[in-house]
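Fold and contact review
Residues per chain are reported as follows:
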Amino acid sequence: MPRTFRGTTLLVTVAVLSACQPAEKTDRGSTTGSTTGSSASTTPSTSESSTGSASTSDQWLVTARSFGRVRLGIPLTQVARDLGEAITVRSDEYNQCAYARPQALPSGTSLMVLRDTVVRVDVNSSNIATAEGIRVGDTEVRVLERYAGRIRSQPHKYTNGHYLVVTPTAAQDTAFRIIFETDGSRVLMLRAGRRPAVEWVEGCS
């Protein structure tokens, strides 16, 4: 688990030049951040993100190493270019741990930034599903069925629930995980990304 960092709060903005834009297109940690400079062609409207339409949900599927067009485990500057917007990150010390919520992301999701790398996505919305079709509110039984042979159950640190940990089978993905946090019956939230950050129960706290 990362220790709590002390220091003066710094505001770091990753500026994205329009020439760099492509032609085509969550835990209990403290989450802050705002974004500017979004492109209309690459950023969902506010209503689309908040309502969780089928098209938006399909665009933002979660895998162990990606969230829609956001690749996990790559520099924040590259994620900003992929999303076509500037991303502002506020943390106790830059190059440590913080959360970002780019405008392009749907409601109920956030990105963990460790040092200068986007290492995980946290999802608290039932509008977002994994590639296997699991989302917040689904039963533990359904999760275990969909990820049979790739999942193990661990006791929850604070409740009678569980952490259902999915290990990818592809060799290039073994440093990544999907973790479903449950109340013992249903999924309360999920997170995906690179170890060890994806395993941090308290997020950036």
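The structure we're discussing is the one just above.
Described below are features of the structure shown in this document. Within each chain, residue numbers correspond to sequence positions counted from 1 in written order. Where local features are concerned, this predicted model is filtered to residues with pLDDT of at least 70; where side-chain atom pairs are given and counted, the filter is 80 or more; whole-chain, interface and lining totals use all residues. Based on all heavy atoms of the structure, the side-chain values leave hydrogens and waters out of the count.

1. Quick word on the side chain of Ser125
Note the threshold: Per the convention used, a helix needs a DSSP run of H or I reaching at least four residues, while a strand needs a run of E reaching at least two, with both numbered from the N terminus. When a residue's accessible area, from a 1.4 Å probe over protein chains only, is under 20% of the maximum for its type it is buried; when over 50% it is exposed; and in between it is partly exposed. Residues adjacent in sequence count toward polar contacts only when both atoms are side-chain atoms; beyond that, a polar contact is any pair of N or O atoms within 3.5 Å, and within protein one must be able to donate a hydrogen and the other to accept it. Two residues qualify as a contact provided that any one of their heavy atoms is within 4.5 Å of a heavy atom in the partner residue.
Relative to the assigned elements, Ser125 resides in the loop between strand 10 (117–123) and helix 4 (140–146). Residue classification places Ser125 among the buried positions, given a relative accessible area of 11%. Side-chain polar atoms of Ser125 contact the backbone nitrogen of Asn127, separated by 3.0 Å. Setting aside residues up to four positions removed in sequence, Ser125 forms contacts with Ser107, Gly108 and Val136.

2. Structural notes on the pattern of salt bridges
What counts, and what does not: Should a side-chain nitrogen of Lys or Arg be within 4 Å of a carboxyl oxygen of Asp or Glu, the pair is scored as a salt bridge.
A complete count under the given rule lists eight salt bridges for this structure. Across the pair Arg191 and Glu181 runs a salt bridge whose closest N-O atoms are separated by 3.4 Å. Taken as a pair, Arg191 in strand 14 (residues 187–194) and Glu181 in strand 13 (residues 176–182) lie far apart in primary sequence, ten residues in all. The two residues Arg191 and Glu181 agree in class, both being buried.

3. Quick word on the sheet that holds strand 3 (residues 62–63)
So the rule is basically this: Two strands pair under a simple rule: DSSP has to find at least two bridges between them.
The sheet built from three strands is open, its strands ordered 3-4-5 with antiparallel pairing. Each having just a single partner strand, strand 3 and strand 5 (70–71) make up the two edges of the open sheet.

4. Concerning the packing of aromatic side chains
For the record, the criterion: Any Phe, Tyr or Trp ring, taking Trp's six-membered ring, that has another such ring centre within 6.5 Å forms a pair; planes under 30 degrees apart are called stacked, those over 60 apart edge-to-face, and the others tilted.
Tallying each qualifying case throughout the model produces two aromatic pairs. Note on Trp60 and Phe67: the rings are 4.9 Å apart at their centroids and 45° apart in plane angle, and the pair reads as tilted. On the basis of relative accessible area, Trp60 is assigned to the buried category, the value being 0%. A relative accessible area of 0% means that Phe67 is categorised as buried. Centroid distance Tyr147 to Phe180: 5.5 Å. Interplanar angle 50°. Geometry classified as tilted. Here Tyr147 is found in the loop between helix 4 and strand 11 (151–155), whereas its partner Phe180 is found in strand 13, with 33 residues between them in sequence. For Tyr147, a relative accessible area of 1% translates into the label buried.

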